[in-house]
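The residues making up each chain are set out below.
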Amino acid sequence: MAELAPPGPVGAGATSGRTVPKRRYAAIEVRDLEKTFRIPRQQVNTFKERALHPFRRARYEELNVLRGITFDVLEGEFFGIVGRNGSGKSTLLKCLAGIYRSDAGSIRVAGRISPFIELGVGFNPDLTARENVVINAVMMGLTPREARARFDQVLEFAELQDFVDLKLKNYSSGMQVRLAFAVMVQSGAEILLIDEVLAVGDAAFQQRCFDEFLRLRDEGRTIVLVTHDMTIVDRFCHRAMLITGGEIETIGAPGQVGARYLERNFEAMSQRSETTQESSVAGASAEIAEIWVENDAGMRVETVPHGQPLHLHARIDVHGRVQEPIVDIWVDDENGARVFATSTRPWPEAPPAEAGQSLHVRVDLDNRLAGGRYHIGCSLLSGSATLAVVALVNRHKPFVVYGSSHVFGLVAIDHELHVDRESSA
Ligand SMILES: Nc1ncnc2c1ncn2[C@@H]1O[C@H](COP(=O)(O)OP(=O)(O)OP(=O)(O)O)[C@@H](O)[C@H]1O
Ligand SMILES: [Mg+2]
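We now turn to the structure provided with this report. Since the model is a prediction, treat every value here as computed from it, not as a measurement. (Residues numbered from 1 in each chain as written. Chains lettered and ligands numbered in written order. Predicted model: local features only at pLDDT ≥ 70, side-chain atom pairs only at ≥ 80, totals over all residues. Heavy atoms only, no water.)

### Things to note about the overall build of the protein
So, step 1. The number of helices and strands found in the protein is 8 helices and 17 strands.
So, step 2. A buried classification covers 41% of the 425 residues belonging to the protein.
So, step 3. When contacts within the protein are restricted to residue pairs at least 6 apart in sequence, those whose partners lie at least 24 apart make up 73%.
So, step 4. Carbon together with sulfur atoms contributes 51% to the accessible area of the protein, which is approximately 23000 Å² in total. (Helix = DSSP H or I, 4+ residues; strand = E, 2+ residues; numbered from the N terminus. Buried < 20%, exposed > 50% of the residue type's maximum accessible area, 1.4 Å probe, protein only. Contact = heavy atoms within 4.5 Å. Areas by Shrake-Rupley, 256 points an atom, 1.4 Å probe, with all protein chains shown as cover.)

### A short note on helix H2 (residues 89-97)
So, step 1. Buried residues dominate H2, accounting for 7 of its 9 residues.
So, step 2. Burial in H2 covers these residues: Lys 89, Thr 91, Leu 92, Leu 93, Lys 94, Cys 95 and Leu 96.
So, step 3. Of the residues one or two after H2, Gly 98 is the one with positive phi, at around 80°.

### Remarks on the site of ligand 1
So, step 1. For ligand 1, the set of nearby residues contains 13 residues, the closest of which are Gly 86, Gly 88, Lys 89, Ser 90 and Thr 91.
So, step 2. Interatomic distance of 2.7 Å between a side-chain N/O atom of Ser 90 and an oxygen atom of ligand 1.
So, step 3. Here an oxygen atom of ligand 1 sits 3.1 Å away from a polar atom, N or O, in the side chain of His 228.
So, step 4. Protein burial of ligand 1: of its 640 Å² of free accessible surface, 64% is covered by the chains.
So, step 5. Broken down by secondary-structure element, the contributors of at least two residues to the shell around ligand 1 are strand E2 (59-74) and H2. (Near = heavy atom within 4 Å. Polar contact = N/O pair within 3.5 Å; in protein donor to acceptor, adjacent residues only side chain to side chain.)

### Here we look at the pairing of strand E6 (residues 191-195)
So, step 1. Taken across its 5 residues, E6 has 5 buried, putting it largely inside the fold.
So, step 2. Judged by which residues are buried, E6 turns out to be covered on both faces: Ile 191, Leu 193 and Asp 195 on one side and Leu 192 and Ile 194 on the other are all buried.
So, step 3. The sheet contact formed by strand E5 (residues 113-116) and E6 spans 4 bridges and is parallel. Among the inter-strand pairings, Ile 113 is bridged to a residue of E6, identified as Ile 191.
So, step 4. Judged from the 5 bridges that link them, E6 and strand E7 (residues 222-226) form a sheet pairing that is parallel. Among the inter-strand pairings, Ile 191 is bridged to a residue of E7, identified as Thr 222. (Pairing = 2+ DSSP bridges.)

### Describing the packing of helix H3 (residues 129-139) against helix H4 (residues 144-158)
So, step 1. Packing of H3 against H4 leaves a shortest axis separation of 9 Å and a crossing angle of 125°. The angle between H3 and H4 places the two elements in the oblique class. For the element pair H3 and H4, the recorded crossing hand is right-handed. Contacts between H3 and H4 involve Ala 129, Arg 130, Val 133, Val 134, Ala 137 and Val 138 from the first element and Pro 144, Ala 147, Arg 148, Phe 151, Val 154 and Leu 155 from the second.
So, step 2. Its residues assigned to classes, the contact of H3 with H4 comprises 10 nonpolar, no polar and 2 charged. (Axes fitted to C-alpha atoms, helices over the stretch in contact; angles between N-to-C directions. Parallel < 35°, antiparallel > 145°, perpendicular 65-115°, else oblique. Left-handed = near helix turned anticlockwise from the far one by under 90°. Nonpolar A, V, L, I, M, F, W, Y, C, P; charged D, E, K, R; others polar.)

### Some words on the packing of aromatic side chains
So, step 1. Summed over the entire model, instances satisfying the criterion amount to 11 aromatic pairs.
So, step 2. On the numbers, 6.3 Å between centres and 75° between planes, the contact of Phe 116 with Phe 181 is edge-to-face. Of this pair, Phe 116 sits in strand E5 while Phe 181 sits in helix H5 (residues 173-185), and the two are 65 residues apart along the sequence.
So, step 3. Note on Phe 181: relative accessible area 0%, which makes it buried.
So, step 4. Plain terms: the ring middles of Phe 181 and Phe 213 are 6.2 Å apart, the flat faces sit at 70° to each other, and that makes the pair edge-to-face. Here the residue Phe 181 occupies a position in helix H5, and Phe 213 occupies one in helix H6 (residues 203-218), the gap between them amounting to 32 residues. (Phe/Tyr/Trp six-rings, centres within 6.5 Å; stacked < 30°, edge-to-face > 60°.)

### Some points on the side chain of Lys 35
So, step 1. Tracing the backbone through its elements, the reader meets Lys 35 in strand E1 (residues 26-42).
So, step 2. Despite being buried, Lys 35 has no salt bridge partner; Asp 103 is the closest side chain of opposite charge, sitting 4.6 Å away.
So, step 3. For Lys 35, the side chain forms a polar contact with the main-chain oxygen of Arg 101, separated by 2.8 Å. (Lys, Arg positive; Asp, Glu negative; His and termini not counted. Salt bridge = Lys/Arg side-chain N within 4 Å of Asp/Glu carboxyl O.)

Read these as layout, nothing more, since geometry by itself doesn't imply function.
In C-alpha cells form, the structure reads like this:
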C-alpha cells in the first residue's frame with residue numbers, strides 16, 4: 001500500500017526537526033567584536049600627482065562596520081544571520097573565518113572551520129578545478145593522499161566531473177559556487193560558515209543544498225548561514241540574529257527575527273514609495289492623494305481577516321486634464337510578487353479627467369490572501385498617445401492579513417483535494 005509521507009522537511013531522517021542539540025557548549029564565542037575599514041579619501045596614484053603634491057599624505061575615512069558584536073553559537077546549532085545590504089554580515093563571517101583581523105574584541109572557536117564565504121575566496125582562478133580542490137583540502141589539514149581521495153566525492157557532489165581540467169576562471173559563477181559548496185560540505189569540518197550560497201545556483205543545486213542543510217543539521221554540525229531568504233531562516237535555523245548597521249538588533253527565534261528583518265526592509269521601501277511620479281504628457285497632472293483599506297462595515301483598517309470581504313480605496317486628485325484616463329491598482333506581497341492587479345482598461349470611452357476633479361477608485365474583493373504583509377500600489381495612465389504614466393505610487397499602503405493558518409500557498413483557491421490509496425500487489 002502506498003502511504004503518504006508524513007508532513008515535515010523532506011529527507012530530514014529519523015532525527016529530523018528542530019531538536020535542540022544535547023551537548024550545549026559554545027562552538028563560537030564572539031565578544032565585543034569591532035572591525036573598522038580605512039578607506040583612502042584622496043588617492044595619489046600617478047607619478048605626476050606625486051611630483052605635484054610631494055607632501056600630500058593619503059587621507060583616510062574610517063568605516064566602523066562592526067560595532068561591538070557579542071554572541072554565542074552553540075555546538076550543533078544552525079544559526080542564521082540576516083540584515084540589509086552592507087550591514088556587516090560578510091565582514092563578520094570573514095572575521096570568524098580568520099580572513100579579516102578584527103580591531104577589538106575576541107573570537108573563540110571550538111572546532112575546525114570550513115568557510116563558504118564568497119565567490120573565488122580560497123580558489124586560484126588560473127588553476128584547474130582538480131588542482132584547486134586538492135590544494136584546498138591540503139590547506140584544510142588533509143594529507144595530499146587524503147585530499148586526492150576526497151577529490152572524487154567533491155566532483156561528484158558538484159556534478160562537475162566533465163569539467164575537472166578546466167581552469168576555474170572559465171567556470172560559470174554557478175559552477176564555481178557548486179564547487180566551493182561541495183568542497184565545504186566534504187571537508188568534514190565541525191563548523192561551517194556559509195554566505196549566500198543559494199543566490200546563483202540553479203533549482204536542482206538549491207534542492208541539493210537544502211538536502212545537505214538538513215543532513216548536516218541532523219549530524220550535529222554547527223552551521224552559521226547568512227541569507228536574505230526568510231523562508232530558509234524559518235525552515236532550517238534553530239536561532240537567528242539580525243544585524244543593523246554593524247550592531248546586533250535582535251537574536252532569537254527565526255520567525256521573530258525574520259519578521260523584524262522584513263519590517264526593516266519595508267521601512268526603507270515605504271519611505272521610497274512616497275514619491276509620486278509626475279506626468280510626461282503635456283498638461284496632464286495628477287497625484288495619488290490617498291490609499292486605504294476598508295472592512296465590510298466601511299471602517300478604515302490596517303489588518304484584515306482572511307476570508308472576509310476586503311475593499312481597497314484610492315483617491316486621485318487631478319491637477320491638469322488627463323485624456324483617456326486609465327486607472328490600475330494592485331497588491332504586492334512582501335517579496336515583491338504581484339498577487340493581484342486590476343485595471344479599468346479597456347476604457348476607450350472614458351471622458352477626460354479634468355483639473356480639479358478627484359477620482360475615487362474602489363475595489364471590492366474577497367480576501368483570499370495568505371497571512372502576511374501586503375502593499376497596495378496605484379497608477380493613473382493617459383491613453384491618449386501611447387500609454388503614459390501621469391501618477392504612480394508603488395508599495396504605498398501596507399496592510400496585514402491574519403487568520404489564514406490553513407492557507408499554504410500565496411492565495412487560497414477553491415479546490416477539491418483527493419488522495420486515493422491503491423494496493424500495489
Ligand atoms: N575590504 C573592505 N574594504 C573596505 N570596506 C569594506 C570592505 N569589505 C566590506 N566593506 C564595507 O563594509 C560594509 C559592510 O559590508 P559587508 O560585505 O559586511 O555587508 P553585508 O552585510 O555582507 O552586505 P550584503 O547583504 O550586501 O552581502 C559595507 O559598507 C562595505 O562597503
Ligand atoms: Mg555579504
